[in-house]
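# An overview of the molecular structure
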Amino acid sequence: MDFKDMQPETLLAQAGGAIDMQSGGVVPPIQPATTYARDENYTPLNADNIYSRPHNDVVRQAEHVLAELEGGAAGLLFPSGMAAIAALFRTVPSGGRVIIQSGIYWNTTKWIREFCARRQIVVEEVDASDAAALAAMCSAGPANIVWVETPSNPWLKVTDLAAAKKAADSCGALLAVDSTAASPILTNPLKLGADIVMHSTTKVINGHSDVLGGVLVTKEVTPVWQEIEIDRAGAGAVMGPFEAWLLLRGMRTLALRVDRMVDNAMKVAHYLEDHPQVESVLFPGLESHPQHALAKAQMPGGAGFLMSFLVKGSRETALQVAGKMKLFHRATSLGGVESLVEHRHTIEPHTGIPETLLRISIGVENADDLIADLGQAMGQ
Ligand SMILES: *Cc1c(COP(=O)(O)O)cnc(C)c1O
């Protein structure tokens, strides 16, 4: 059976593929060698492997699984999500123009602003969840990249990817999508028109809060893609074999974890929405979310596992609620099997995040236990 015919659950359960014929093992082996031997005629023993910066089998296996999951032509792993983002933006020439969504993962915005300032690249920021605003920004002139994040972090705005693709086409830009909060189980941006999809694999794809990584998957192998590939091999922003192996291991349960997290998140969102101490809940799975219909169409398997809510009261009230939580760990990040709570204003006070906003990432625990923890923390 060809990989291409498999449903994501099957592809993932057997991530890494065939039996290792040398040992008979049902999981892929790790080859930690940094260099590979040649025969007496100086021919590499294995034509695919010369040196481990660009060449490692288990890294390629993990990339293959991610490319298949997203329906792309090729994937490249990086040592972090940010390294993947940086690899893409480094292809923009000096004097270029990029259009990025406002109110996204803060370090993405910060890094792109600083990088583009050094390169004399114009950065324009727009609320891409407003399709008309994005289209207007694109019609103002040519651009190299349109960068969107959906659902966005921590506002949970949803960007219409088909509309974003039209806007990007109108200014000759690539549409690149940070789909970290959606996961390849809930949205496949390439199938909706995007040119490149990016994930911080640190988050739900690995899912166990123990491996840093990032991936880019492309719809087609284009000159820009080849440039990224050459730059990765040359500049050396590569994932190591141990990390790639752990990532493959984590991915074997990705579909299962996302199913459970989506279920839990829906229950938690309904509970929070009805709670007298809660001002509002930002979660595209709720009918009250302004883009609920779009989310349902674009994320048919569920709206994800990340949400924010505003506590009634002040900054202190929100911090007290977070402080009383016993099951939710107070930590940044998202997408792990364990639930996390974060007071974003403490981390990025200057970006307009409300002081009463708590962002939660829902894990695979029992939903009633999570709800009980939220209840006791808010003084039920
Ligand atoms: C975490 C994250 C990143 C950055 O990924 P790292 O692996 O931490 O470098 C980028 N985008 C989003 C949406 C993220 O959550």
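Counting from 1, residues in each chain are numbered in the order their sequence is written. Reporting of local features is limited, given that this is a predicted model, to residues whose pLDDT is at least 70; pairs of side-chain atoms are given and counted only at 80 or more, and all residues count toward the totals for whole chains, interfaces and linings. As a convention, hydrogens and water are excluded, and side-chain values are obtained from all of the structure's heavy atoms.

Where an unreviewed UniProt entry is consulted, the protein appears under the name Cystathionine gamma-lyase, with the organism given as Shimia marina. UniProt positions are given in the numbering used here, feature names are shortened, and annotations may be inferred rather than shown by experiment. According to the UniProt record, the Cofactor (unreviewed entry) comment for the protein is "pyridoxal 5'-phosphate".

This brings us to the domain arrangement of the protein. When cut into domains, the protein gives domain 1 (3-251) and domain 2 (254-378). Delimitation of the domains relies on an automatic or database domain assignment. A straight line from the C-alpha centre of domain 1 to that of domain 2 covers 26 Å. Facing 34 residues of domain 1, the contacting portion of domain 2 comprises 37 residues. Here's the idea: put two parts together, see how much 1.4 Å probe accessible area each one loses, and the total over both is what we call buried area. Each partner contributes to the roughly 2,800 Å² buried at the junction of domain 1 and domain 2, and carbon and sulfur atoms together form 66% of this total. Here, a salt bridge means any side-chain nitrogen of Lys or Arg that lies within 4 Å of a carboxyl oxygen of Asp or Glu. Taken together, the connections running from domain 1 to domain 2 amount to zero salt bridges. Counting of polar contacts relies on pairs of N or O atoms within 3.5 Å, with two restrictions inside protein: one atom must be capable of donating a hydrogen and the other of accepting it, and residues adjacent in sequence are counted only when both atoms are side-chain atoms. Inspection of the domain 1/domain 2 interface yields 14 residue pairs in polar contact (both at pLDDT 80 or more). Of all elements in the fold, only helix H1 (8-13), helix H7 (183-186) and helix H9 (241-251) reach the threshold of two or more residues within the side of domain 1 that touches domain 2. Residues are treated as being in contact if the distance between any of their heavy atoms lies within 4.5 Å. Comment: elements are numbered from the N terminus, with helices defined as DSSP H or I runs of at least four residues and strands as E runs of at least two.

Residue Thr-150 is joined to Pro-151 through a cis peptide bond whose omega torsion reads -15 degrees. Each neighbour pair has its own omega, and for Asn-153 with Pro-154 the value is 10 degrees, a cis peptide bond. You will see that Leu-156, though not glycine, has its phi angle at about 60 degrees, which is positive. Along the polypeptide, Leu-156 turns up in the loop between strand S4 (145-149) and helix H6 (161-170). For Leu-156, a relative accessible area of 0% gives the class buried. The phi angle at Ser-333 is positive, at roughly 95 degrees, despite the residue not being glycine. Overall, Ser-333 belongs to the partly exposed group, its relative accessible area being 23%. Type-normalised accessible area, obtained with a 1.4 Å probe on protein chains alone, sets the label of each residue: buried when under 20%, exposed when over 50%, and partly exposed for intermediate values.

Turning to the nonpolar core, a few remarks are in order. Grouped burial of nonpolar side chains is what soluble globular proteins tend to show. We define the nonpolar core as a collection of buried residues of types Ala, Val, Leu, Ile, Met, Phe, Trp, Tyr and Cys that are connected through side-chain atoms lying within 4.5 Å of one another. Leu-66, Leu-77, Ile-99, Leu-134, Val-146, Leu-175 and Met-251 are the most contacted members of the largest nonpolar core, which has 58 residues in total. Here this core gets seven residues from one element, more than from any other, and that element is helix H2 (residues 57-70). Composition of this core by domain shows at least three residues from each of domain 1 (3-251) and domain 2 (254-378). Leave out the neighbours within four places in its chain, and Leu-134 touches Ile-99, Val-126, Ala-128, Val-146, Ala-164 and Ala-167. In terms of nonpolar packing, the next biggest core, distinct from the first, is built from 27 residues, Val-268, Tyr-271, Met-307 and Ala-322 among them.

Here the focus is the pattern of salt bridges. Within the structure shown, the criterion is met by 13 salt bridges. Note that Asp-195 is salt-bridged to Lys-165, the shortest N-O span being 3.2 Å. Residue Asp-195 is located in the loop between H7 and strand S6 (196-200), and its partner Lys-165 is located in helix H6; the two are separated by 30 residues in the primary sequence. Owing to a relative accessible area of 16%, Lys-165 belongs among the buried residues under this scheme. Across the pair Arg-344 and Glu-348 runs a salt bridge, and its minimum N-O distance is 2.9 Å. By relative accessible area, which is 3% here, Glu-348 ends up buried.

Another aspect to go through is the packing of aromatic side chains. Stacked, tilted and edge-to-face are the three classes assigned to paired rings of Phe, Tyr and Trp, where Trp is represented by its six-membered ring and a pair needs centres within 6.5 Å; plane angles under 30 degrees give stacked, over 60 edge-to-face, the rest tilted. Throughout the structure, instances matching the rule amount to two aromatic pairs. Centroid distance Trp-111 to Phe-115: 4.7 Å. Interplanar angle 15 degrees. Geometry classified as stacked. Here Phe-115 and Trp-111 lie together in helix H4 (residues 106-119), a separation of four residues that amounts to about one turn. Here Phe-115 falls in the buried class, since its relative accessible area comes to 5%. The ring of Phe-78 carries Arg-232 above its face, with NZ or CZ at 5.8 Å from the centroid. As a reminder, the over-ring test applies to NZ of lysine and CZ of arginine, requiring each to be within 6 Å of the ring centre and within 35 degrees of the ring normal.

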